[in-house]
Amino acid sequence: MASALALKLVLARAFAALARLRGGGATSAPGRLLLALEPHAIATLGARLQRGSVLVSATNGKTTTAALAAGILQQAGISLVHKRAGANMAGGVATALLSAAKPRARIDGELGLFEVDELWLDGVAAELRPRAVLLGNLFRDQLDRYGELEAIAERWQHSLRAERLVLNADDPLVADLGREHPGALYFGVEDDSAALKGMAHAADAKHCRRCGAPYVFDAVYLGHLGRYHCPSCGARRPSPAVGAREVVLEGVRTAGFTLRTPAGEGRVELTLPGLYNVYNALAAAALATALDVPLPDILAGLGQARAAFGRAERLRLSTAGATAGEHAAAELQIMLVKNPAGANEVLRTLALEPGRHDLLGVLNDKIADGRDVSWIWDADF
């Protein structure tokens, strides 16, 4: 059996090398081939990880949250099997494990940290049996692929019964998944100075999952994230064990907050902009807390964070001037949006940045991001 798996690993690696020679990224296809050859390769290779695995899923912020968590865990001296490219379906997870697998049933890493697509989460979790699953948020996204949010929430609720859950208390759909998980760890924003004047018309989770009555929102921080309660059945936002206080947003460049955990608190200064990245950092800190990472390592890891690929990433461009041979440097910042909630937060962040700016909006209707681009009408441009 071991020799048969070894041969399949060799074939998948050869395919990856060929893909890279042809200019591809080889982030998912080698894993898909491996799974075709060995359907339970994720479980088999994942079992080699001494500290097991943790999974990160959300509609918005998966890649950045996983990158922030990786920085914290590496600061704590934990070696990881982790793919930074954002390949988050089963093929991407299998490729990461394939890249780390070593001869004689060994693997290059102690802990698996995997970003996982919302629809692939249950299948990957069934293979890896992770130590913890972080669920960041559920926003309307790619309706031609995902369908309604309630369907995803139901799917998560029925498939993640055995896992330790780390949940966003501010998202009613996500927080309610903790009803049947008494050990769930909640995180949330605790600063009403970061609240919006009202709920955007494109907000999603407005009704109680338990009785169907409309929620009353006492504060709205982002999309439908906030402090809420149901006047009909009494359901309300759980009290977060990990919180963000004294939030300061500095345009498109930085954001800061005071992180509160059961072990104490400390100041976090991010080189990432926007309240959405405060949420990403808070989620990563909560996951690390669930894994018993010391607070000083959490603070140091977040303090060293850098933008993930294409997410608030800054590039320096050399541009030709009016005179031949004259060049000037210009800064380009990439702000990724995929749905109304994400677009509105990027617009909110841009509005905080002083001065004039050149903006280029690019709308993609390729299959990877969904062919239904009607969501753009619900963004508050």
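Our subject is the structure that appears above.
Residues numbered from 1 in each chain as written. Predicted model: local features only at pLDDT ≥ 70, side-chain atom pairs only at ≥ 80, totals over all residues. Heavy atoms only, no water.

We now examine the overall build of the protein chain. Helix and strand counts for the protein chain come out as 11 helices and 15 strands. For a compact globule of 381 residues, the expected C-alpha radius of gyration is about 21 Å, and the protein chain comes in at 21 Å, within 12% of that figure. Summarising its shape, the C-alpha atoms of the protein chain cover approximately 70 × 60 × 45 Å along the three principal directions. By the burial criterion, 53% of the 381 residues in the protein chain qualify as buried. (Helix = DSSP H or I, 4+ residues; strand = E, 2+ residues; numbered from the N terminus. Rg over C-alpha atoms; globule rule 2.2 N^0.38 Å. Buried < 20%, exposed > 50% of the residue type's maximum accessible area, 1.4 Å probe, protein only.)

With that out of the way, let us pick up the packing of aromatic side chains. Under the criterion given, the structure shown has 3 aromatic pairs. Ring geometry for Tyr215 against Phe217: centres 6.2 Å apart, planes inclined by 80°, an arrangement best described as edge-to-face. In this structure an aromatic cluster arises from ring pairing among Tyr215, Phe217 and Tyr228. (Phe/Tyr/Trp six-rings, centres within 6.5 Å; stacked < 30°, edge-to-face > 60°.)

Buried together is how nonpolar side chains tend to be arranged in soluble globular proteins. If you look at the biggest cluster of nonpolar residues, it comprises 56 residues, and the most contacted ones within it are Leu113, Phe257, Leu259, Leu287 and Leu302. Looking at which element gives the most residues to this core, the answer is helix 9 (residues 275-290), with 13 residues. In this structure, Leu113 is in contact with Val54, Val56, Ala66, Ala69, Ala70, Leu73, Leu80, Val81, His82, Lys83 and Leu287, ignoring residues within four places of it in sequence. Within the second largest apolar cluster, 53 residues are counted, among which are Leu34, Ala96, Leu98 and Leu119. (Core = buried A, V, L, I, M, F, W, Y, C linked by side-chain atoms within 4.5 Å. Contact = heavy atoms within 4.5 Å.)

Burial analysis of strand 1 (residues 53-57) places 5 of its 5 residues in the buried class, which makes it a mostly covered element. Along strand 1, one buried face is formed by Ser53, Leu55 and Ser57 and the opposite face, lined by Val54 and Val56, is buried too. Of the strand pairs in this sheet, strand 1 and strand 5 (residues 111-115) are connected by 4 bridges, and their pairing is parallel. Among the inter-strand pairings, Val54 is bridged to a residue of strand 5, identified as Leu113. Relative to strand 6 (residues 132-135), strand 1 runs parallel, the two being bridged by 4 bridges. (Pairing = 2+ DSSP bridges.)

So, about the pairing of strand 5. The element strand 5 is extensively covered by neighbouring structure, given that 5 of its 5 residues are classed as buried. Side-chain alternation along strand 5 places Leu111, Leu113 and Glu115 on one buried face and Gly112 and Phe114 on a second face that is also buried. Examined bridge by bridge, strand 2 (residues 80-81) and strand 5 share 2 bridges and lie parallel to one another. Bridge pairing in strand 5 places Leu80 opposite Leu111.

What follows is about the packing of helix 4 (residues 62-75) against helix 10 (residues 295-303). Interhelical geometry of helix 4 versus helix 10 gives an angle of 130° and a closest axis separation of 8 Å. It follows from the interaxial angle that helix 4 and helix 10 lie oblique. Considering how the two elements wind past one another, helix 4 and helix 10 form a crossing that is right-handed. When helix 4 is examined against helix 10, the residues Leu68, Gly71, Ile72 and Gln75 are found in contact with a partner set consisting of Asp297, Ile298, Ala300, Gly301 and Leu302. For the contact of helix 4 with helix 10, the per-class residue count stands at 5 nonpolar, 3 polar and 1 charged. (Axes fitted to C-alpha atoms, helices over the stretch in contact; angles between N-to-C directions. Parallel < 35°, antiparallel > 145°, perpendicular 65-115°, else oblique. Left-handed = near helix turned anticlockwise from the far one by under 90°. Nonpolar A, V, L, I, M, F, W, Y, C, P; charged D, E, K, R; others polar.)

What follows concerns the pattern of salt bridges. By the definition in use, this model includes 19 salt bridges. For Arg245, the salt bridge is made with Glu265, and the minimal N-O distance between the two is 3.5 Å. Of this pair, Arg245 sits in strand 11 (residues 242-250) while Glu265 sits in strand 13 (residues 264-270), placing them 20 residues apart in sequence. Between Glu269 and Arg267 there is a salt bridge, with the nearest N and O atoms lying 3.1 Å from each other. (Salt bridge = Lys/Arg side-chain N within 4 Å of Asp/Glu carboxyl O.)

Turning to the environment of Ala101, a few remarks are in order. With respect to the helices, strands and loops of the structure, Ala101 is situated in strand 3 (residues 101-102). Classification of Ala101 as buried rests on a relative accessible area of 5%. Linking Ala101 and Gly46, residues 55 residues apart in sequence, is a C-alpha distance of 9.4 Å. Once you skip the residues sitting within four places of it in the chain, Ala101 turns out to touch Leu9, Arg13, Leu45, Arg48, Arg106 and Ile107.

We now examine helix 7 (residues 149-159). Buried within helix 7 are the following residues: Leu149, Ile152, Ala153, Trp156 and Gln157. The buried residues of helix 7 occupy an angular sector of 135° when the element is viewed end-on, so they sit on one face. On the buried face of helix 7, the contacting elements are strand 1, helix 6 (121-128), strand 6 and helix 8 (172-175). (Arc of directions from axis to C-beta.)

All right, on to the side chain of Asp122 then. With respect to the element layout, Asp122 can be found in helix 6. Within the structure, Asp122 has its side chain in polar contact with the side chain of Arg155 (distance 2.8 Å). Apart from residues lying up to four places away in sequence, Asp122 is in contact with Arg155 and Ser159. (Polar contact = N/O pair within 3.5 Å; in protein donor to acceptor, adjacent residues only side chain to side chain.)

A few words on helix 6. Side chains that are three or four residues apart share a direction in an α-helix, a result of its 3.6 residues per turn. Among all positions in helix 6, only Leu121, Asp122, Val124, Ala125 and Leu128 are buried. For helix 6, the angular spread of the buried residues around the axis is 165°, confining them to a single face. Each element contacted by the buried residues of helix 6 is listed here: helix 3 (41-46), strand 1, helix 5 (90-100), strand 5, strand 6 and helix 7. Arg129 occupies a position one or two residues after helix 6 and carries a positive phi of about 50°.

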